[in-house]
Amino acid sequence: IWIAVSLLLLKVVGPTLDIQLPSLLSADMLGYLVLFFLLAYFLYSGLYAVCGALAEDEQSYGQLQVPFIIPLVIPMVMISYLVMNPEAPVTVFLSFFPLTAPMVMFVRIIVSPPGMLHIVLSVVIMLITIAAVSVGSGKIFRLAILRTGKSLKLKDGFKLLFEKGDV
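Rules used in this analysis
- Residues numbered from 1 in each chain as written.
- Predicted model: local features only at pLDDT ≥ 70, side-chain atom pairs only at ≥ 80, totals over all residues.
- Heavy atoms only, no water.
- Helix = DSSP H or I, 4+ residues; strand = E, 2+ residues; numbered from the N terminus.
- Buried < 20%, exposed > 50% of the residue type's maximum accessible area, 1.4 Å probe, protein only.
- Contact = heavy atoms within 4.5 Å.
- Areas by Shrake-Rupley, 256 points an atom, 1.4 Å probe, with all protein chains shown as cover.
- Phe/Tyr/Trp six-rings, centres within 6.5 Å; stacked < 30°, edge-to-face > 60°.
- Core = buried A, V, L, I, M, F, W, Y, C linked by side-chain atoms within 4.5 Å.
- Polar contact = N/O pair within 3.5 Å; in protein donor to acceptor, adjacent residues only side chain to side chain.
- Patch = residues over 30% accessible without salt bridge, like charges linked within 9 Å, V, L, I, M, F, W, Y side chains within 5 Å.
- Salt bridge = Lys/Arg side-chain N within 4 Å of Asp/Glu carboxyl O.

Participant: Requested: an account of the overall build of the chain, with residues and values cited.
Facilitator: Each helix and strand in the chain was counted, giving nine helices and zero strands. In sequence order, the chain lays out its α and β elements as α-α-α-α-α-α-α-α-α. For the chain, buried positions account for 34% of its 167 residues. A fraction of 59% describes how many contacts in the chain between residues 6 or more apart in sequence connect residues 24 or more apart. When the accessible surface of the chain is split by element, carbon and sulfur atoms take 74% of a total near 10,700 Å².

So, in structure tokens, the structure goes:
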């Protein structure tokens, strides 16, 4: 709805106020935005499902999600560095690290397209991570909550992940 209203305003009011659509707002960029948004959504929803399965109360839930919030903050704090240095080793690493990849790779695509190999590699790494997080969170939830009916400690949750047996 927001996109439709914005485009309508640009078509109707844009010529009167001499406002033009920036070249960054292309169909390709919208596709990349949707792709990386969905990847981030599925990754972080799986991670927060793990936190929910391991949390005993709201306070422990807040503590469990801190390691997942910090990687979300890092690209925001480093945004000027990322924009000025899209091919720097730190930027390239962060564009492949699953917890920061959706934000950093999208910034790299906007500023200086990194090449299809980097984009595909980042997406594949994220998909593998999403699959692993989904399987792990499902296993923790099933073994912790459904079988015992109580929450686990963090170290017990990690033990469950690497335990042999039915998945």
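Additional details are given in the paragraphs that follow.
Participant: Quick rundown of the packing of aromatic side chains? Include the residues and the values.
Facilitator: Enumeration over the complete set of coordinates arrives at four aromatic pairs. The interplanar angle of 75° and the centroid separation of 5.6 Å between the aromatic rings of tyrosine 41 and phenylalanine 42 together place this pair among those described as edge-to-face. A relative accessible area of 46% places phenylalanine 42 in the partly exposed class. Summarising the aromatic geometry, the rings of phenylalanine 93 and phenylalanine 97 are spaced 5.9 Å apart at their centres and angled 20° between planes, so their arrangement reads as stacked. Using a relative accessible area of 53% as the deciding quantity, one classes phenylalanine 93 as exposed. Taking the relative accessible area as the measure of exposure, phenylalanine 97 reaches 32% and is therefore partly exposed. In textbook terms, an aromatic cluster arises when at least three aromatic residues are bridged by ring pairs, as seen for Phe37, Tyr41 and Phe42.

Participant: Just give me the short version of the nonpolar core, but keep the residues and values in it.
Facilitator: Membership of the largest hydrophobic core comes to 27 residues, with the highest contact counts inside it found for Phe36, Leu43, Leu47 and Ile109. Elements represented by at least two residues in this core include exactly α3 (27-54), α4 (58-77), α6 (89-96), α7 (101-111) and α8 (116-148). In terms of residue count, α3 provides more of this core than any other element does, eleven residues in total. With sequence-adjacent residues up to four places away left out, isoleucine 109 is seen in contact with Met29, Tyr32, Phe36, Pro114 and Ile119.

Participant: Give me the side chain of arginine 108: which residues, what numbers.
Facilitator: As for its position among the elements, arginine 108 is in helix α7. Classification of arginine 108 as buried rests on a relative accessible area of 0%. There is a polar contact of 3.2 Å between the side chain of arginine 108 and the side chain of histidine 118. Apart from the residues lying within four places of it in its own chain, the contact partners of arginine 108 are Pro86, Glu87, Thr91, Val92, Ser95, Pro113, Pro114 and His118.

Participant: Describe a nonpolar patch on the surface, naming the residues involved and giving the relevant values.
Facilitator: On the surface, Ile3, Leu7, Leu30, Leu33, Val34, Phe37, Leu38, Tyr41 and Phe42 cluster together into a nonpolar patch covering about 870 Å² of accessible area. If you tally residues by element for the nonpolar patch, the top one is α3, at seven residues. Mapping phenylalanine 42 onto the fold places it in helix α3.

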